[in-house]
Amino acid sequence: MKRLSDIHGSLYVIATPIGNFSDLSARAAQLLKEVDGVYAEDTRTSQALFREIGCNPAVQSLHEHNELERAKQVVKRLQGGESLALISDAGTPLISDPGYRVVAACHDAGVPVVPVPGACALVAALSVSGLPTDHFCFEGFLPARSGPRQKRLTEIAKWPHTLVFYESPHRIEATLADMVLCFGADRPATMAREISKRFETIRRSTLAGLAEWVAEDSNQRRGEVVFSCAGRA
Ligand code: SAM
């Protein structure tokens, strides 16, 4: 069979599933089997993925704190003709995940960077939000503390396009409360929780409606979540 990674000296930026293993593409699986090495956000988390596809590549960690150092190493290996993959714990690398410094270093050195598209919580959530997607702003994670979070929300409250936020499970309620405060109770919003997992829940309402629903049902305060919110009308 023809190898997919026959272009030696390329960095493959590979999306992995955000919950449902079947979302890993055949191309992604084959490349992970063929490359000379994988750079992963968490080497232990990546083992579960490798077990599923039946491969055991040489894995090195790549996180915020070693990214610059790793960038030099990656470029050197690629210039030596190896093919390498970059993955994160889940979803598309670089999207609220490490990797951009490595990718920038590859571009600067003139070595090819190849995207291998797949799951991304941002795009999946937006695709079921029922909100306009011709223009949107991805805000990533808001500040963890309420003061800075409200400040940021106030800064963007008048933006007209759809706003998308990642949030950690233990801040779901507090962030919704701050959104109601800064954006108003009636803005249409969609909460996408546990996308592609057993307890997947997609709920479209107003910000106040979502806040009330989450307050009443503790299950809605668990798991991974993306908020999509209408821009100011
Ligand atoms: N790079 C990833 C991507 O492509 O989506 C995102 C990584 S970021 C560190 C993790 C955040 O993504 C979570 O806190 C949550 O907001 C969102 N997320 C990841 N998986 C999710 C899922 N299955 N359902 C809902 N949100 C998810």
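Quick notes on the rules
Residues numbered from 1 in each chain as written. Predicted model: local features only at pLDDT ≥ 70, side-chain atom pairs only at ≥ 80, totals over all residues. Heavy atoms only, no water. Pairing = 2+ DSSP bridges. Helix = DSSP H or I, 4+ residues; strand = E, 2+ residues; numbered from the N terminus. Axes fitted to C-alpha atoms, helices over the stretch in contact; angles between N-to-C directions. Contact = heavy atoms within 4.5 Å. Domains from an automatic or database assignment. Buried area = accessible area lost by both parts, 1.4 Å probe. Salt bridge = Lys/Arg side-chain N within 4 Å of Asp/Glu carboxyl O. Polar contact = N/O pair within 3.5 Å; in protein donor to acceptor, adjacent residues only side chain to side chain. Nonpolar A, V, L, I, M, F, W, Y, C, P; charged D, E, K, R; others polar. Buried < 20%, exposed > 50% of the residue type's maximum accessible area, 1.4 Å probe, protein only.

Peer 1: How do you make sense of the sheet that holds strand 8 (residues 188-193) when you look at a structure like this?
Peer 2: Reading across from one edge, 6-7-10-8-9 is the order of the five strands in this open sheet, with mixed pairing throughout. Two strands close off the open sheet at either side, each with one partner strand: strand 6 (136-141) and strand 9 (201-206). Mean inter-strand twist for the sheet, computed between neighbouring axes without regard to direction, equals 15 degrees. Sheet topology note: the strand 7 (residues 162-167)/strand 10 (residues 225-229) ladder contains five bridges and is antiparallel. What sits directly across from V164, in strand 10, is S228. Seen against the sheet, helix 7 (residues 172-183) touches strand 7, strand 8 and strand 10 and runs at an angle of roughly 10 degrees to strand 10.

Peer 1: Any chance you could explain the domain arrangement of the protein chain here in plain terms?
Peer 2: Size of an interface: often given as the accessible area lost when the parts come together. Domain assignment breaks the protein chain into domain 1 (11-116) and domain 2 (121-229). The straight-line distance from the C-alpha centre of domain 1 to that of domain 2 is 29 Å. Interface of domain 1 and domain 2: buried area, both sides summed, is about 540 Å²; carbon and sulfur atoms make up 63% of it. Looking only at domain 1, the three residues that lose the most surface to domain 2 are I18, I95 and S96, adding up to 77% of its buried area. At the boundary of domain 1 with domain 2, the tally comes to zero salt bridges. The interface formed by domain 1 and domain 2 contains one residue pair in polar contact (both at pLDDT 80 or more). A per-class count over the side of domain 1 that touches domain 2 returns two nonpolar, three polar and one charged.

Peer 1: Is there a simple way to explain the pattern of salt bridges in this structure?
Peer 2: Pairing between side chains of opposite charge can happen when the charged atoms of each approach one another. Tallied over the full model, the rule gives eleven salt bridges. When the shortest N-O distance is used, the salt bridge between R101 and E67 registers 3.3 Å. Here R101 is found in helix 4 (residues 100-109), whereas its partner E67 is found in helix 3 (residues 67-79), with 34 residues between them in sequence. Of the residues examined, R101 reaches a relative accessible area of 29% and is grouped as partly exposed. According to the relative accessible area criterion, E67 is buried, its value standing at 2%.

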